[in-house]
Each structure stands twice: as C-alpha cells, then as structure tokens.
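# Geometric and topological summary
Okay, here's what each chain looks like letter by letter:
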Amino acid sequence: MHMADALISPAVGGTMWVISGGLIAFSAKKVREEADDRKIPLMGVLGAFIFAAQMLNFSIPGTGSSGHLGGGMILAILLGPWSAFLVMASVLAVQALFFADGGLLALGCNIFNLGFFTCFLAYPFIYKQIAGNSAGKKRILLGATLAGILGLQFGAFGVVLETVFSGISELPFRTFILMMQPIHLGIGVVEGLVTSSVVMFVMKVRPEILTAVVEKAPIGVSIKKTALSLAAAAVFTGAALSWFASADPDGLEWAMLRTSGKEKLESNGKVHGFLASLQEKTAFLPDYGFKKSIAEPGVAIKEGEQEGGAGPGAEATWPAVDPGTSTAGLVGGFITLLAVAVTGFALKRRKIAA
Amino acid sequence: MSHYMVEADDLQYSYPDGTEALGGISFLIARGESVALVGENGAGKSTLLQHFTGCLFPSGGLLKIAGLPVDRQNLSAVRRSVGMVFQNPDDQLFMPTVFEDVAFGLLNLGVPEAELEGKVMAALETVGAAHLRGRPPYRLSQGEKRTTAIAGVLAMSPDILVMDEPTSSLDPMSRRRLIALLKTFRHTKIIATHDLDFALETCQRTIVIHRGKVTADSSTAEVFRNAELLRRSSLEAPASILQRPCCGGAV
Amino acid sequence: MTIGRNLVDIGYMDTLASGDSPLHRLDARAKIFTTFLLIIAVVSFDKYVVSALAPFFLYPVFLVVVGGLPSGYIARKVLLVAPFAVLVGVFNPFLDRQVLFHLGAAGVTGGWVSFASILARFALTVSAALALFSITGINSLCEALARSGVPRPFVVQLLFLNRYLFVLTGEAERISRARALRSCGGTKMGLRVFTQIVGHLLLRTLDRAERVYRAMRCRGFDGHIRIVKSSGIGRPEIVFMLGWAVLFAIFRFVNVSLVLGEAVEGFIR
C-alpha cells in the first residue's frame, strides 16, 4: 500500500504533504502537552517494535498467502491516537528513506493513508467505542476487526484517489477500486484478527499494562470529533458519487434501479462538472481525461473508449505529436544517458587520480 | 553532616503487590570505599541498586546518599551524586552517537556548548574510547558499549559509581581492561556482581545479600573464605580461592 | 523480505553514511533540498514525457560517484523495489492504445510511452533518494529536520526509532530463528505462533522502554532532548543548491535530449 513517487503528481503529493505535515505538527503539540516523559523512549522503542514485527510473516489460514502486521491499531491502543500517529509517521519515514518503500513525495500520502485513518478514525470511533475500557474477548475481537476493516478500506481508497487525481497511471478509477477494496478488505480482517490476538495475549500475561494505558489515554476531542466524522463522510460520499457518475452502462443501470432516469442524468452532469473543475484546479497540466467529459457528458472517464481517439467536440488530450520530433527525442534521450554515464566515469577517474 | 557517602538504616522495600524485596538492610559506606554486592538471583541486589539512584523509594527505614535522604525532594541532588552503569548497555546508550550519548548528561546539567567538547573527550579518553566518538551504539562491541556507558556516567563527575553486573557478556580481554580501569578510579564504588573473582580483584569490602537481608558485611577475602556462609547464601567461593588450599579452598 | 537481509541493509547504509567525501561534509539540508527539487521537477512532467527525463540522471550519478557509493548497490536496490511501479504502470499499454508515433514500421502507443515514463520517473526518484540517504545518514537527517523547524517530538521519535531498530529487529530475528529451528520442516508460522512471538516481543519492548527511561532519568533527563549542533550552511552548500537548481530548471524546460537528438540527426543528414 506504500505509494511511489512515480505515480504522484506534485499537486497531489504536495497537498498530502501539507495535510500530513499539519497532522504531525498537531500531534506533536498534543504529545508535548501531555508532558509524559515516559512516552519518549516508549514511542521510539515501540516504533522499532512495529518495524521488527512487520518483518515477521505468518501464513493466513485458508489462503496459503502470507501476511504481516500493520501495527497502527496496536500503537493506538497502547499510546493513544496522537503518539501512535507520530510513531506510524516515523516508521513510514524510515521505510521510505532507507528501504525505498514508498517515495519521498508520496510520503505525505502514505502517512495519511496508513496513519490518519487508523489512529484518528478507526481507533477512536470504532475500537474504543466497542472495546474501550471493558476487557471482554468478544468485544476486543469485534472492535479490532471492524476497526481494521475500516482503517484499511479508507486507506486503500485514499491510495486510489491520490493515484487517480495524479493522472499518471492510466488505471481507470473503477478498475482500481475493484482491485484495491476487496483485497484490503481481507487485509483489514487479518489485521483486526492479529491485533485482537496480540491484545488478548498481553491482557492474559500482563493486564496492568493495558489498564494503565487506558486510564492515561486522553479522552477524545469533541468538536474535532464531529469535524472528523463529517470529513470522513464527505470523502466517502464524494467517492461514491463519482463512482456512480463515472461508471459505464452497468453501473449506471444499477443506479437507475434506485433513482429515476432524469435524476440520474442530472446528477451525472453536475458531478462531472464538479470533478472536472476540481481536476483543473489540482492538476498541474490539465490535459487529462476528465476534461474530455465536459464536452461529452455520459462518456466514461478514462475508460478504454479513448482508443477510438477523441470524439467530435472533445479536446485532444495530448499535444499533437510530430513523428519526427519523437524519434529525435528518443535518439537524443539515448545520447543524453550515454553522456551522463561518461560524465560519471570521468568524475570517478578524477576522484581516483586526485 | 555525616561523612559517610551511603547510609542505609533498616532499609525496607515491598513491591506494589506486597512481596517483600528488602527486609531491613543496614550498612555504612565511607568515601572512597569499593564495595561488592553479592547474592543469588532474586536476593534483592537490583532492587537495592535502584534505591541508590532514586528510581525506587524505601517503604520503610532510611537511605541517605551523601548526607541527603533519598526522597522526591532531593531526587536531582541524589542523581547528581550517583552515577549508575546499567547491566544492559543498550538500555543506557540511547543517543545516536557515542559523543552525543556522553554529552547527554552534561547537556541536562546545563553545561554550555563551548565546554562540552572538552568534557566529553576527557571522559572518553579516561576509558580509552576517544576513537569511538562518532560511532552509533549499535556498531560497538559489548566491551566498547560498556566502556562508553561508563564514560557517559563519568562525564557527570559523580561521587559514587554504582554498577550492575559490569562484567556480564564481556570477553576476557575486555574484562581485564575493565578491571584495570576500575582500579584507577578514586570514586566510591558499589558493584553488584556474580563474578566473584572480579569482586575479589576490585573491591576490598563485600556485602552479601540473601532473601532481602544482609548476611555478611566484611572484607572480601574474609567473606569468600567463609564456606558455610557462602553455602547458606547460595554462593560459592571464587575460582581463585578454590584453587589455593591455604586459603581454605578444596583442590 | 527476510529480516536478516534488511538488517544488513540498514547497517550498510549507515556505514556508507559515515564515509568521508565532499558530499558527506555538506550540510544535510542542502542535500535534502536539492533532492526534493529533483523529485518535483521529474514528477511535474506530463505523462507522455520520456526522453526529457534522461539528463536528470546526472544527479544520482553525481551523488553516487562523488559520494563514493558503490554503484551496483543503488542500482540493485532500485530494481528490488521496481515491481511496484511496474505493477501499476503495466495497465497503461493496455488501456491507452492511441498511436503516438512510428518507429520505422511499428507504431508506439501512448500506453507504452506513459509506461516508460513511469519507469523512468521511478528510477530517477528512487535512486536519487537512496543515494541521498546513503550519504546523509539518519542522525544528520534528524539534525537537519530539527533545524528546519520540524516539531521536536517527531525528530526525537525518529532518532530513538533508529537507535533501537537494530536491537529490536535483532531480537525478532533471534526469536524467529529459534522457532524455525524447532519447527520440523514447516517454514511459515501460523497465526497462533506469530501472536506468541509478537506478544513476547511486545512485552520485552515495553520492559526495555521502562529501563531506558530509568537510565535517562538517572542522567538528569527532564523531558527535553538536546541535540548537539554541527556545521551550518555556508558557501559550498549555496553553490551546490544553486548549481543543481539551475541545471534542473534547464532540464525541465528545455528538452536536452531532443536538442541533442536533432543535432545528431541533422549532422547525419
């Protein structure tokens, strides 16, 4: 689920960086306010623990494939949402820096996808509400599983949105969603199972740890709570709407079953227009498929229909390409790479000689 | 103002769950003495050591460090007098490089940055680790970690040096170097150890702890020649005594 | 992803970072800034651009050579993480079949061009970042972050995480190996065993955290981690940053490959 730089546009990457950066700053402020000295070594060591735990694979029963622990939930349970978020962010940063597991520009996206939803949505609104202070096994299992599912579904959805809005990959929205969400449903369930079993293990062997943490954990924010849930709802409904809107005939037929024909077409145009204007504002170079759809409402966005070439009235989605320019470009490209390699050798020679 | 560095008077400690760890310990340690603390696992050595640094407070009785009772009020003063070297150096070397780790305590004491370099290097040179200054701790050998930890403590110029199993996991060469180093220190030393040969070489006095109580407190040689005492405290004489029949060993 | 190999990886990267070269001596902030410029320049290209990306490779090559990094090492690491980019980009040739131009008789579709573009961007961004951090090392990085205004709790978190990374992954490896040795033939562990291992590891981690905290308190820890400062931003750093910024600007707005290619073709004719 770690995104790479190659798939992100600067606009998307930059925006997510700003958001994640803000979240980090805010969490840091909260942690400082808590003024719990103990947390400083604890967070660091737990971060290393998550790293180590992620390197251990286990076989998922019934599927034959292997899984590993995400860890965000366990962190949130042990540390509370703010500290857990900082730890997740630090783990992802080190993974990006030293393992190239996720790009640098994409780090903002990754921190948001993997940290925000788990620590600020899934944990406080699902796990804590269900399992919270009480220690029942069933509640822990239920809470952890639901929280895992929710956190990962949102996270996967985040990946899809960010990739699609960047417009580098040709993967169409629907295909991507259909690929990502079911897989991450399974991953979410597994995450929930593993989290709950680890929590139950700790409870059996050293229950005082959990009670101590639970008592110390700051009670959630009230205004922020509503704001967060509203934001989550907005993301979800926006996505759902665009899914309906962008769908090819099958999806539209399904939507037709629920609404009358007229309503469907209207909302189509509106959402198209909305998404298109959004794209214009966020896209660095706005020559993506969305624009095409304004001219021809109802045409699927970025689906295979592009094969036929631009329809009447639709703008060309790529600059006119002169065959001559392209071959020159290719030749030039190779020569440049050669030049770079030669420069490299020359520098090396100079270094050794010096 | 007492001239004893450490005064324990009927010191008692019980864990939160009620188990008694220390059942009335009393001793006096004068300035410059080197005292070994020996006893089987679970006897209470670690618990006692934690009292010296104010990590634990007595449940009963009294403990004074450099004349100050160990309690919340005197905590920072006590911690400035006592330098503790932990059993596992990984727990103690938590900064990114050796230099920064030794500097940690100094910075906390408010030493200005201009003096930092001098003090850190002096401490590192004392333990012979000056060449390690830029190394991250995880690239140090056990012996190097141990000496770096000692440097970190030395830099704070404590009056009392407390060490918990300093020779554990050291190879013979490093162990020998540690013994030589400790012999050059004039600090008051309290060393908890299972390495009885080490105790024999570095400490003139030994206190034996058994089940939370002091069962012996005299010169190291005397303690280790008392076979009956050692047996009762679940210990045995160090190899260097066992092999010398004139000192009471079997051979 | 085996544990052992990853341990060696981080350890190796850190060893590289303690090398000595003109690049190593530069303030980390200059290096980070420049690498970010590269990433942004590369990523801001249109999706069908391939040849214009070529000159940007000069930067990672420069870092590797002047920084004294083993060249094969970076290339291998890039290849290692390449499958992900391939996975997402591989759909492009199937979905975008508008022929952009012809190479002799064969038509090259937009899908292939954008796929190639993705791969090229990937190689550039990943190699530049890896080279950067092989030269910088996490400690200098954290110092740079702290001095750039990143919140202190986060920087401290990165430092501690890095410090105990080896310790914990080492523990995990040992437990894992012990289990493997006792499980006749079965290589993968089931959920129950995994839970036991992770559970024990977690408890040991919590104990360790407590001991570290105690050690910190014994040396006067009062809640503030103070970071020792090293050199600052001087002339070499400014030259480095400006020089590369100018180059990147040129590469971004002038298709150097095209210019060269046309010159060569013109010359041939």
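Residues numbered from 1 in each chain as written. Chains lettered and ligands numbered in written order. Predicted model: local features only at pLDDT ≥ 70, side-chain atom pairs only at ≥ 80, totals over all residues.

### Here's the deal with the pairing of strand β6 (residues 82-85) of chain B
In the case of a regular strand, side chains alternate between the two sheet surfaces. Residue and element names in this part refer to chain B. The condition that has to hold: Put plainly, a residue is buried at 20 or more neighbouring C-beta atoms within 10 Å of its own, exposed at 12 or fewer, and partly exposed in between, counting only other residues' C-beta atoms, which are placed from the backbone. Secondary structure elements follow DSSP: runs of H or I of four or more residues count as helices, runs of E of two or more count as strands, with numbering from the N terminus. Here, any two strands with at least 2 DSSP bridges between them count as paired.
The alternating pattern of β6 places Val82 and Met84 and Gly83 and Val85 on opposite faces, both of which are buried. Examined bridge by bridge, β6 and strand β7 (residues 160-164) share four bridges and lie parallel to one another. For Met84, the partnering residue across the bridge sits in β7 and is Val162.

### Focus on the interface of chain C and chain B
The line we're drawing: For every residue pair, C-beta atoms are placed from the backbone, and the pair is scored as a contact if these atoms sit within 7 Å. Residues are grouped as follows: nonpolar covers Ala, Val, Leu, Ile, Met, Phe, Trp, Tyr, Cys and Pro; charged covers Asp, Glu, Lys and Arg; every other residue, Gly included, is treated as polar.
Counting residues at the interface gives 22 residues for chain C, matched by 24 residues for chain B. Mapped onto the side of chain C that touches chain B, the elements with two or more residues apiece are α8 (152-182) and α9 (191-218) of chain C. A total of seven residues in the side of chain C that touches chain B trace back to one element, the largest contributor, which is α9 of chain C. Class assignment of the residues belonging to the side of chain C that touches chain B gives a composition of ten nonpolar, four polar and eight charged.

### What to know about the domain arrangement of chain C
Stated precisely, the cut-off is as follows: The domain limits used here are those given by an automatic or database domain assignment.
Assigned domains of chain C: these are domain 1 (1-147 + 230-255) and domain 2 (151-224). The straight-line distance from the C-alpha centre of domain 1 of chain C to that of domain 2 of chain C is 32 Å.

### Observations concerning the interface of chain C and chain A
With 97 residues of chain C at the contact, the number on the chain A side is 92 residues. No other element matches the 17 residues that α8 of chain C contributes to the side of chain C that touches chain A. Looking at side-chain class alone, the side of chain C that touches chain A contains 62 nonpolar, 23 polar and twelve charged residues.

### Details of unusual backbone geometry
The phi angle at Ala35 of chain A is positive, at roughly 50°, despite the residue not being glycine. By secondary structure assignment, the location of Ala35 of chain A is in the loop between α1 (10-34) and α2 (39-54). The phi dihedral of Arg211 of chain B falls on the positive side, at around 50°, and the residue is not glycine. Exposure remark for Arg211 of chain B: the 16 C-beta atoms within 10 Å place this residue in the partly exposed category.

### Notes on helix α7 (residues 110-147) of chain C
Residues and elements named next belong to chain C. So the rule is basically this: The span expected for a helix works out to 1.5 Å for each residue beyond the first. Note that the bend at a residue is defined as the angle between axes fitted to the seven residues ending at it and the seven residues starting at it.
Between the first and last C-alpha of α7 there are merely 45 Å, a value that for 38 residues lags more than 12% behind the 56 Å anticipated at 1.5 Å per step. Within α7, the axis deviates most sharply at Gly137, by approximately 90°. Here α7 lies mainly inside the structure; 34 of its 38 residues are buried. Trailing α7 by a residue or two, Gly149 shows a phi angle of about 95°, which is positive.

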